[in-house]
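Reading the structure
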Amino acid sequence: MTYEEFRKQYPAIRCYHRFSPETRVNLATSRTGYKRRQATGEYYYTHPQVPGLAFPTAKAATTEAYRRYQKEYSSAADQPTTA
């Protein structure tokens, strides 16, 4: 399966994480840009093939999932069959 086929068949999932009040206060008082100071949360991406990890972009999530898929697929093909 190519990367493009994998990406379409198993898309990354976009999630939203709300900042806690303490984090919002810290961001509001920091020397960041206007949009960052006004932010109430941030988006992150997960992938069903890589449970327990979050990624900053959908491409990063899909790339890691595809890498693990290839590793699993190649190790399964390398194992001898017993008859």
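Above this text sits the structure in question.
In what follows, the accompanying structure is described. Per chain, residue numbering runs from 1 following the sequence as it is written. Given that this is a predicted model, residues contribute local features only at a pLDDT of at least 70 and side-chain atom pairs are listed and counted only at 80 or more, while totals for whole chains, interfaces and linings are drawn from all residues. In computing side-chain values, all of the structure's heavy atoms are included and hydrogens and water are not.

Topic: the overall build of the protein chain
Only DSSP runs of H or I reaching four residues or more are called helices, and only runs of E reaching two or more are called strands; each is numbered from the N terminus. Of the regular secondary structure elements, the protein chain holds four helices and three strands. Secondary structure elements in the protein chain, listed N-terminal to C-terminal, are α-β-α-α-β-β-α. Atoms considered for the radius of gyration are the C-alpha atoms alone. The globule rule reads 2.2 Å times the number of residues to the power 0.38. Relative to the globule expectation of 12 Å for 83 residues, the C-alpha radius of gyration of the protein chain, 19 Å, shows a markedly less compact shape. With the C-alpha coordinates of the protein chain rotated into their principal frame, the extents come out at 65 × 25 × 20 Å. Only protein chains enter the calculation, and the probe is 1.4 Å; a residue is then buried if its accessible area is under 20% of its type maximum, exposed if over 50%, and partly exposed in between. Burial status across the protein chain gives 17% buried among its 83 residues. Here a residue-residue contact requires only that any non-hydrogen atoms of the pair lie within 4.5 Å. Long-range contacts, defined as pairs at least 24 residues apart, comprise 51% of the intrachain contacts of the protein chain with a sequence gap of at least 6. Surface exposure of the protein chain reaches about 6,600 Å², of which carbon and sulfur atoms provide 53%. Each accessible area value is a Shrake-Rupley result obtained with a 1.4 Å probe; residue values ignore everything except the protein chains displayed when judging cover.

A few points about the sheet that holds strand E3 (residues 50–55)
Whether two strands pair comes down to DSSP finding at least two bridges between them. Ordered by their spatial adjacency, three strands build an open sheet running E1-E2-E3, and the pairing between neighbours is antiparallel. Whereas interior strands pair on both sides, the edge strands pair on one side only; in this sheet they are strand E1 (13–18) and E3. Taking the axes of each pair of neighbouring strands and ignoring which way they run, one obtains an average angle of 35° across the sheet. Throughout, an axis means a line fitted to C-alpha atoms (over the contacting stretch in the case of helices), and angles, computed between N-to-C directions, take values from 0 to 180 degrees.

Describing the pattern of salt bridges
Each reported salt bridge corresponds to a side-chain nitrogen of Lys or Arg within 4 Å of a carboxyl oxygen of Asp or Glu. On inspection of all chains with the given rule, the structure shows three salt bridges. The partner of Glu 64 in a salt bridge is Arg 67, and the shortest N-O contact between them spans 2.6 Å. Here the residue Glu 64 and the residue Arg 67 both occupy positions in helix H4 (residues 58–78), the gap between them amounting to three residues, near one helical turn. Note that Arg 68 is salt-bridged to Glu 64, the shortest N-O span being 2.9 Å. In this pair, Arg 68 and Glu 64 are both assigned in helix H4, four residues apart and thus about one turn of the helix distant. Arg 68 sits in the partly exposed class, given a relative accessible area of 34%. With relative accessibility at 17%, the residue Glu 64 sits in the buried group. Connected through salt bridges with shared partners, the residues Glu 64, Arg 67 and Arg 68 form a single ionic network.

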